[in-house]
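Residue-level structural notes
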Amino acid sequence: MTERFETPRVIVGVRDEVGDMALLRRAAAEARRRHAVLVPVLRWSPDADEVIDELVTDTFGPEETVRVRPLVVRAANLDAAVAGVATRPTDVVLTSAPAHHSRWHHHRTALAG
């Protein structure tokens, strides 16, 4: 039996908002701590590729030491976009909660029995 090792990922949904830079920094710190790839997710729009590239560049600049793999996803909303990316049992997702609090949760894949 061959074991499959997947790179751990910290996934964070972002919008083009002021608080997203702080959210990305917290997610990057968690990714460094876990030796994971940081995956910022943005819901698709006509200019989404430029928006996410600019957000990542403005947040980190060239100094960031964590691997960053931004994704633009076509989905009904940002939560659906993040859920579409967080498919591995080892994925850690940072979500923005009301009142600018955030929370971490591990994605768990339901096992059919």
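Higher on the page you've got the structure.
Residues numbered from 1 in each chain as written. Predicted model: local features only at pLDDT ≥ 70, side-chain atom pairs only at ≥ 80, totals over all residues. Heavy atoms only, no water.

Digging into the pattern of salt bridges
Here is the rule we go by: Here, a salt bridge means any Lys or Arg side-chain nitrogen found within 4 Å of an Asp or Glu carboxyl oxygen. For helices the rule is a DSSP run of H or I covering at least 4 residues; for strands it is a run of E covering at least 2, with both sets numbered from the N terminus onward. Exposed residues in this analysis have more than 50% of their type's maximum accessible area, buried residues have under 20%, and partly exposed residues fall in between, with area computed by a 1.4 Å probe over protein chains only.
In this structure the tally under the stated criterion is four salt bridges. The residue E6 makes a salt bridge to R88 at a minimum N-O spacing of 3.6 Å. A residue pair is termed long-range when its members are at least 10 positions apart, and E6 in the segment before strand 1 (9-14) and R88 in the loop between helix 3 (78-85) and strand 4 (92-96) qualify at 82 residues. Classification of R88 as partly exposed rests on a relative accessible area of 23%. A salt bridge links D91 to R9; the nearest nitrogen and oxygen atoms lie 2.7 Å apart. One end of the pair, D91, is in the loop between helix 3 and strand 4; the other, R9, is in strand 1, and 82 residues separate them in sequence. Under the relative-accessibility criterion, D91 is labelled buried at 0%. Judged by its relative accessible area of 13%, R9 is buried. Through salt bridges with shared partners, a single network forms among E30, R33 and R34.

Describing the side chain of E30
We count it as follows: By the criterion applied in these results, polar contacts are pairs of N or O atoms within 3.5 Å in which, for protein atoms, one can donate a hydrogen and the other can accept it, and in which residues neighboring in sequence qualify only through two side-chain atoms.
Locating E30 in the fold gives a position in helix 1 (residues 20-34). At 2.4 Å, the side chain of E30 and the side chain of R34 are in polar contact.

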